[in-house]
Amino acid sequence: MAKTFYLLSLFISLIWLPSPASSYCYWAGNNPSWVGAPIVEQVTLTSVRVSWQGLLKRGDCANLLLVKHSPTDNPNNYLMSLPLLVSNKSYLVQELQPGKTYSYQVIAREEKGLLGVDYNKSPKTKFTTDKKNAMNYKDPLADDPNDVSVEVYTTNEPVMARHTEYKGMVLANKINTESQSKMTLIIREELVRELREMAVKMEANAIVGLRMETTSMLTGDLEILVYGTAIYFER
């Protein structure tokens, strides 16, 4: 009888206690929750920034975050981000169809040991990219008349290009140890300038397929990566 009671107690403890690596908050009423839908801001015609600063409650009970987006006219055709650290407060969604309405949602994944996994979903935000809202990149080389201007596009080819010649991939990255978003924007601008300077040396006059990625490191720093393809084109 005593042995049976011991085995039963052990079984119950295995079910209810989370694993040491889990962030699961096993007491009632402490699951991750959302107080609002994420904020979506247009970056280019084909990319948006999804942010959720202050919207996630009890994030300490979550293991990771996911960002989900799908066309509103075909919600089953959705895409998910790679797993993000809970400390992340924004994510860049790319390769969108211009002028198309998408639905955006952030999900807090909660590992619960033998009890399985909970996906705590935020409300959804609908957003449509528009030409009027597209971000215009300032040419970092334009201040120096001796520099050759290099056009930058997030699309795969320049506007009205008749002939293009592939020159090679350009990539630059930098670790941001500061927490201010203003510093992050400055670093991105510096990295775009660095790409343009690389393109000039490669005898290119444009960069296409520009992508920017920000990754949270375990040290708390941010790695900012900017890359694209250098080409020479004629109109």
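Look up a bit, the structure's there.
Residues numbered from 1 in each chain as written. Predicted model: local features only at pLDDT ≥ 70, side-chain atom pairs only at ≥ 80, totals over all residues. Heavy atoms only, no water.

Re the overall build of the chain
Stated precisely, the cut-off is as follows: Helix and strand assignments follow DSSP, with helices taken as H or I runs no shorter than four residues and strands as E runs no shorter than two, numbered in order from the N terminus. The buried label goes to any residue with under 20% of its type's maximum accessible area, the exposed label to any with over 50%, and the partly exposed label to all in between, with areas taken from a 1.4 Å probe on protein chains only. For this analysis, residues touch if any pair of their heavy atoms sits within 4.5 Å. Each accessible area value is a Shrake-Rupley result obtained with a 1.4 Å probe; residue values ignore everything except the protein chains displayed when judging cover.
What the chain contains, in helices and strands, is two helices and 14 strands. Relative to its 235 residues, the chain shows a buried fraction of 37%. For the chain, the proportion of contacts with a sequence separation of at least 24, taken over those separated by at least 6, is 69%. As presented, the chain carries roughly 14,200 Å² of accessible surface, and 55% of it is formed by carbon and sulfur atoms.

Re the side chain of threonine 125
The topology assignment puts threonine 125 in strand S10 (residues 125-128). For threonine 125, a relative accessible area of 15% translates into the label buried. Once you skip the residues sitting within four places of it in the chain, threonine 125 turns out to touch Ala37, Pro38, Val40, Tyr102, Ser103 and Tyr104.

Description of the packing of aromatic side chains
The condition that has to hold: Between rings of Phe, Tyr and Trp, where Trp is taken as its six-membered ring, a pair exists when centres lie within 6.5 Å; planes separated by under 30 degrees are stacked, by over 60 edge-to-face, and by other angles tilted. Whether a charge sits over a ring depends on NZ of Lys or CZ of Arg being within 6 Å of the ring centre and within 35 degrees of the ring normal.
This model, assessed by the stated rule, comprises one aromatic pair. A ring pair is formed by tyrosine 102 and tyrosine 104, whose centres lie 6.4 Å apart and whose planes are at 45°; its orientation type is tilted. Taken individually, tyrosine 102 and tyrosine 104 each receive the classification buried, so the pair is uniform in this respect. In this structure, lysine 68 packs its charged tip against the face of tyrosine 78, placed 4.4 Å from the ring centre.

Quick word on the sheet that holds strand S3 (residues 47-51)
Cut-off, in case you're wondering: One bridge is not enough; two strands pair if DSSP finds at least two bridges between them. Note on method: axes are straight lines fitted to C-alpha atoms, helices fitted across the in-contact stretch only, with angles between N-to-C directions ranging 0 to 180 degrees.
Reading across from one edge, S2-S3-S7 is the order of the three strands in this open sheet, with antiparallel pairing throughout. Two strands close off the open sheet at either side, each with one partner strand: strand S2 (39-44) and strand S7 (90-93). Taking the axes of each pair of neighbouring strands and ignoring which way they run, one obtains an average angle of 25° across the sheet.

Some details on unusual backbone geometry
In this model, arginine 58 sits at a positive phi of 60°, which is unusual for a non-glycine residue. Relative to the assigned elements, arginine 58 resides in the loop between strand S4 (56-57) and strand S5 (64-71). Look at glutamate 203: it is not a glycine, yet its phi comes out positive at around 60°. Within the secondary structure, glutamate 203 sits in the loop between helix H2 (181-201) and strand S13 (206-216).

With respect to the sheet that holds strand S14 (residues 222-234)
The sheet built from four strands is open, its strands ordered S11-S13-S14-S12 with mixed pairing. Edge positions in the sheet fall to strand S11 (151-152) and strand S12 (163-176), since each of these pairs with one other strand and no more. Bridge count for S12 against S14 is 13 bridges, and the pairing is antiparallel. Bridged to lysine 174 within S14 is isoleucine 224.

Overview of the pattern of salt bridges
Filter applied, for reference: What makes a salt bridge here is a side-chain nitrogen of Lys or Arg within 4 Å of a carboxyl oxygen of Asp or Glu, nothing more.
Under the defined criterion, the tally for this structure stands at six salt bridges. For aspartate 60, the salt bridge is made with arginine 58, and the minimal N-O distance between the two is 2.7 Å. The salt bridge involving glutamate 190 is made with lysine 174; its shortest N-O contact spans 3.2 Å. Of this pair, glutamate 190 sits in helix H2 while lysine 174 sits in strand S12, and the two are 16 residues apart along the sequence. The partly exposed category is assigned to glutamate 190, whose relative accessible area is 40%.

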